[in-house]
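Fold and geometry: a report
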Amino acid sequence: MIRAVCVYCGSSPGSHPAHGIAADALGDAIAASGRSLVYGGAHIGLMGRIADRVMAGGGRVTGVIPQALVAREVAHTGLSELIVVADMHERKARMAALADGFIAMPGGLGTLEELFEMLTWSQLGLHAKPIGALNVGGFYDGLLDFLDHARDQGFMRPAHRTLLLAGPEASALLDELDAWRPATATRR
Ligand code: AMP
């Protein structure tokens, strides 16, 4: 089972209530299944919302935040553990090392950057951990279509297209992450 789940998500709450509701559902699913949350340590947006929810459910939450963002993103002071690091690169590396699998919820450029770094590291064989997109209300439909397009245009191996799991429901996506096995033969 994927025990420590790294969740990338918006530092904004999003304009539709469904996003916050989905953060609650994923937080509940993580806590109820005895997993822990690793995330960016902020108290704002969907980031704060899922952290609060996992803590409320009795789960362990580790936040990893760069010193420069402690004030800007309002570092969450109620976590099991808050790790303050030097910069963005150290943040991503620490989050990746601490987690057994990754889920991207709806978010903006930061979320996408973190998601794609984990996908490209997997493509290169630098890690062999599952990666999923929680496709709340079809939020990621356009991105998933674009990835199909990039594959169809010959810029991505079909096996690498399968690195990103996706689904609309938190518990089912966690189950998919649990069941995922790396296809080592497809590595570059
Ligand atoms: P966003 O999806 O843009 O709301 O950002 C979500 C989180 O990603 C925030 O905590 C951002 O600080 C973080 N973030 C943005 N860019 C980067 C980056 N290059 N490396 C690490 N984290 C980032």
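What this report covers is the structure whose coordinates are included nearby.

Take the overall build of the protein next. Secondary structure summary: the protein contains seven helices and seven strands in total. The N-to-C order of helical and strand elements in the protein reads β-α-β-α-β-β-α-β-α-β-α-α-β-α. Relative to a compact globule of 188 residues, whose C-alpha radius of gyration would be 16 Å, the protein shows 16 Å and is just as compact. Across its three principal axes, the protein shows a C-alpha extent of roughly 45 × 35 × 30 Å. A buried classification covers 48% of the 188 residues belonging to the protein. Once local pairs closer than 6 in sequence are excluded, the contacts in the protein between residues at least 24 apart make up 69%. For the protein, the accessible surface area stands at approximately 8700 Å², while carbon and sulfur atoms represent 57% of it. One finds the centroid of the 16 positive side-chain charges in the protein at a distance of 5 Å from the centroid of its 19 negative side-chain charges.

Looking now at the nonpolar core. With 54 residues, the main nonpolar core has Val-7, Leu-26, Ile-30, Leu-37, Ile-50, Ile-103 and Met-105 as its most contacted residues. For this core, the element with the highest residue contribution is helix 1 (residues 17–32), accounting for six residues.

Moving on to the packing of helix 3 (residues 88–98) against helix 4 (residues 109–123). Packing of helix 3 against helix 4 leaves a shortest axis separation of 11 Å and a crossing angle of 60 degrees. Viewed along their axes, helix 3 and helix 4 adopt a mutual orientation that is oblique. The handedness of the crossing between helix 3 and helix 4 comes out as right-handed. Contact with helix 3, carried on its side by Arg-91, Lys-92, Met-95 and Ala-96, involves Glu-113, Glu-114, Glu-117, Met-118 and Trp-121 of helix 4 and no other residues of that element. A breakdown of the residues in the contact of helix 3 with helix 4 according to their chemical character gives four nonpolar, no polar and five charged.

Here the focus is the state of the cysteines. In total, this model carries zero disulfides according to the counting rule given. Here Cys-6 stays free of any disulfide, with the sulfur of Cys-9 as its closest cysteine sulfur at 9.4 Å. With a relative accessible area of 6%, Cys-9 lands in the buried category.

The next subject is helix 5 (residues 141–152). Taking 1.5 Å as the rise per residue, helix 5 with twelve residues should run 16 Å; its terminal C-alpha atoms sit 16 Å apart, in good agreement. Where helix 5 is buried, its residues contact helix 4, helix 6 (158–161) and strand 7 (164–167). At the exit of helix 5 stands Gly-154, carrying a positive phi of roughly 85 degrees.

On to the pattern of salt bridges, then. Tallied over the full model, the rule gives twelve salt bridges. Salt-bridge contacts for Glu-81 lead to Arg-60; the nearest nitrogen and oxygen are separated by 3.0 Å. Here Arg-60 lies in the loop between helix 2 (45–56) and strand 3 (61–66) and Glu-81 lies in strand 4 (residues 81–85), a separation of 21 residues in the sequence. Under the relative-accessibility criterion, Glu-81 is labelled partly exposed at 31%. Put simply, Glu-73 and Arg-91 hold a salt bridge, and the shortest N to O gap is 3.1 Å.

Here is what the cut-offs are and how they apply
Every chain begins its residue count from 1, and numbering advances along the sequence as written. A pLDDT threshold of at least 70 governs which residues receive local features in this predicted model, and a stricter bar of 80 or more applies before side-chain atom pairs are shown or counted, although totals over entire chains, interfaces and linings include all residues. The basis for the side-chain values is all heavy atoms of the structure; hydrogens and waters are excluded. Here a helix means four or more residues in a row that DSSP labels H or I, a strand means two or more in a row labelled E, and each is numbered from the N terminus. Put simply, the radius of gyration uses C-alpha atoms, and a globule should come to 2.2 Å times the residue count raised to 0.38. Note on exposure labels: buried denotes an accessible area under 20% of the residue type's maximum, exposed denotes more than 50%, and partly exposed covers the range between, all computed with a 1.4 Å probe on protein chains only. Contacts are residue-level and defined by heavy atoms, with any inter-residue pair within 4.5 Å sufficient. Here the open area of atoms and residues is found with the Shrake-Rupley method and a 1.4 Å probe, where only the protein chains shown may cover a residue. When charges are counted, Lys and Arg are positive and Asp and Glu negative, with His and the chain ends excluded. Working definition for charges: the position is that of NZ of Lys, CZ of Arg, CG of Asp or CD of Glu. By nonpolar core we mean a set of buried residues, namely Ala, Val, Leu, Ile, Met, Phe, Trp, Tyr and Cys, connected to one another through side-chain atoms within 4.5 Å. Where helices are involved, their axes are fitted lines through C-alpha atoms of the stretch in contact, as for all axes, and angles between N-to-C directions lie from 0 to 180°. An angle counts as roughly parallel when it lies under 35 degrees, as roughly antiparallel when it exceeds 145, as roughly perpendicular when it falls between 65 and 115, and as oblique in every other case. Left-handed describes a crossing whose near helix is turned anticlockwise from the far helix by less than a right angle; the clockwise case is right-handed. Gly is placed with the polar residues, together with every amino acid not listed as nonpolar (Ala, Val, Leu, Ile, Met, Phe, Trp, Tyr, Cys and Pro) or charged (Asp, Glu, Lys and Arg). What counts as a disulfide here is a pair of cysteine sulfur atoms lying within 2.5 Å. A helix is expected to span 1.5 Å multiplied by its residue count minus one. Take a side-chain nitrogen of Lys or Arg and a carboxyl oxygen of Asp or Glu: if they are within 4 Å of each other, that pair is a salt bridge.

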